[in-house]
Amino acid sequence: MAGIQHLYDVYEKDPKFVEKLIDGELEVEEKLNGSRFGFEVQEGNEMKFYKRNDSSPITKIDRTLARYYEKAISHFESFSDDKLTNIPTGWRFGFEYFPNLMPVKIAYDRMPLNHLVLTDITERDTQGKVQDIISDKKTLDEWAENLEVEGPPLIFKGQLSPEQKSKILEYLHTKQENLLAKFKTTNFAHFFLSILNPEVGKSFLQNSLDKDIEALVFKFDGKNPLKVMNPSFK
């Protein structure tokens with residue numbers, strides 16, 4: 001899910017467009033601060049693995065020199081041929097990968113199942129060109145179960161109340177320098193999760209709302225993701 005646009009930037013360019021978007025059905029997920037990892041099954045049940053730059057797969061030499069991705073790779077290499085046959089060829093599964101509890105900048109309290117959280121699926125042609133992106137929660141949850149990993153961390157699904165919409169628009173309308181000042185004293189996770197899901201009590205891999213999160217991802221009609229970045233990270 002790397003490289004998606006910022007909701008804040010889109011709002012600056014066209015506030016009315018964003019206001020119309022958030023009037024409809026939407027899903028909001030927590031963006032985890034893990035490492036990007038990809039997995040794909042090709043003809044003959046051949047497995048390919050990818051890191052953040054997914055233009056070429058991880059090679060045996062890569063694996064010998066740096067064993068960073070071995071926990072994820074070993075998980076898929078344990079699959080039987082029957083299980084691999086049920087995975088469509090040309091589908092590349094994208095994950096947030098956690099070789100440990102602090103893969104990048106955030107230290108988490110809990111490790112996801114088999115170190116992986118499924119975030120997206122891309123359907124590709126024989127040349128590797130993306131034909132479609134699957135990112136709706138229902139489909140991802142089904143494939144997460146099949147792949148024995150965790151599904152994306154959904155915070156909110158449905159239509160925002162007038163109060164929720166007002167608070168989010170107020171955030172988007174605030175200048176960047178004021179956001180930075182605000183979130184030096186206000187926890188980003190607590191602020192947004194209390195708006196979107198007041199009863200949640202904790203973020204996906206943390207035991208409370210006291211620790212921050214990287215970002216939130218807003219999906220409209222299960223697609224067209226736009227993220228709201230924690231100003232402290234941006």
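For the structure, see preceding data.
Residues numbered from 1 in each chain as written. Predicted model: local features only at pLDDT ≥ 70, side-chain atom pairs only at ≥ 80, totals over all residues. Heavy atoms only, no water.

Undergrad: What should I look at first to understand helix α6 (residues 137–147) in this one?
TA: The α-helix advances 3.6 residues per turn, and as a result positions three or four apart in sequence lie on the same side. Restricting attention to buried positions, one finds in α6 the residues Lys137, Thr139, Leu140, Trp143, Ala144 and Leu147. Buried residues of α6 fall within an arc of 160 degrees about the axis and therefore sit on the same side. Every exposed residue of α6 that faces more than 90 degrees away from the buried side is listed here: Lys138 and Glu145. Positive phi shows up at glutamate 148, right after α6, with a value of about 60 degrees. (Buried < 20%, exposed > 50% of the residue type's maximum accessible area, 1.4 Å probe, protein only. Helix = DSSP H or I, 4+ residues; strand = E, 2+ residues; numbered from the N terminus. Arc of directions from axis to C-beta.)

Undergrad: Hey, could you run me through the side chain of lysine 31 in this one?
TA: Here lysine 31 shows up in strand β1 (residues 26–31). Only 2.8 Å separates the side chain of lysine 31 from the side chain of glutamate 96, close enough to count as a polar contact. Among residues more than four places away in sequence, those in contact with lysine 31 are Glu96, Glu214, Ala215, Leu216 and Val217. (Polar contact = N/O pair within 3.5 Å; in protein donor to acceptor, adjacent residues only side chain to side chain. Contact = heavy atoms within 4.5 Å.)

Undergrad: Hey, could you run me through helix α4 (residues 70–77) in this one?
TA: For α4, the full list of buried residues reads Glu70, Ala72, Ile73, His75 and Phe76. Structurally, α4 contributes buried residues whose contacts are with β2 (35–42), β3 (46–50), α3 (60–65), β4 (91–97), β5 (116–124) and α6.

Undergrad: How should I be thinking about the packing of aromatic side chains in this particular structure?
TA: For any pair of aromatic rings, the description rests on two quantities: the centre-to-centre distance and the angle between the ring planes. By the definition in use, this model includes 23 aromatic pairs. When the centroid spacing of 4.9 Å and the interplanar angle of 75 degrees are considered together, the rings of tyrosine 171 and phenylalanine 192 count as edge-to-face. Of this pair, tyrosine 171 sits in helix α7 (residues 162–173) while phenylalanine 192 is found in helix α9 (residues 188–196), placing the two residues 21 residues apart along the sequence. Note on phenylalanine 192: relative accessible area 1%, which makes it buried. Above the plane of the ring of tyrosine 50 lies arginine 92, whose end atom (NZ or CZ) is 3.6 Å from the centre. (Phe/Tyr/Trp six-rings, centres within 6.5 Å; stacked < 30°, edge-to-face > 60°. Lys NZ or Arg CZ within 6 Å of the ring centre and 35° of its normal.)

Undergrad: Is there a simple way to think about the nonpolar core in this case?
TA: When a protein is soluble and globular, its nonpolar side chains tend to lie buried together. Counting residues in each nonpolar core, the largest one holds 31 residues, and the members touching the most others are Tyr171, Leu172, Phe192, Leu196, Leu216 and Phe218. Secondary-structure elements contributing two or more residues to this core are α1 (7–13), β1, β7 (154–158), α7, α9, β8 (215–220) and β9 (223–229). If one sorts the elements of this core by residue count, α9 sits on top with 7 residues. Excluding anything up to four places from it in sequence, phenylalanine 218 contacts Leu7, Leu26, Glu27, Val28, Ile168, Asn224, Pro225, Leu226 and Val228. Ile58, Tyr69, Phe95 and Trp143 belong to the second largest nonpolar core, which has 25 residues in total. (Core = buried A, V, L, I, M, F, W, Y, C linked by side-chain atoms within 4.5 Å.)

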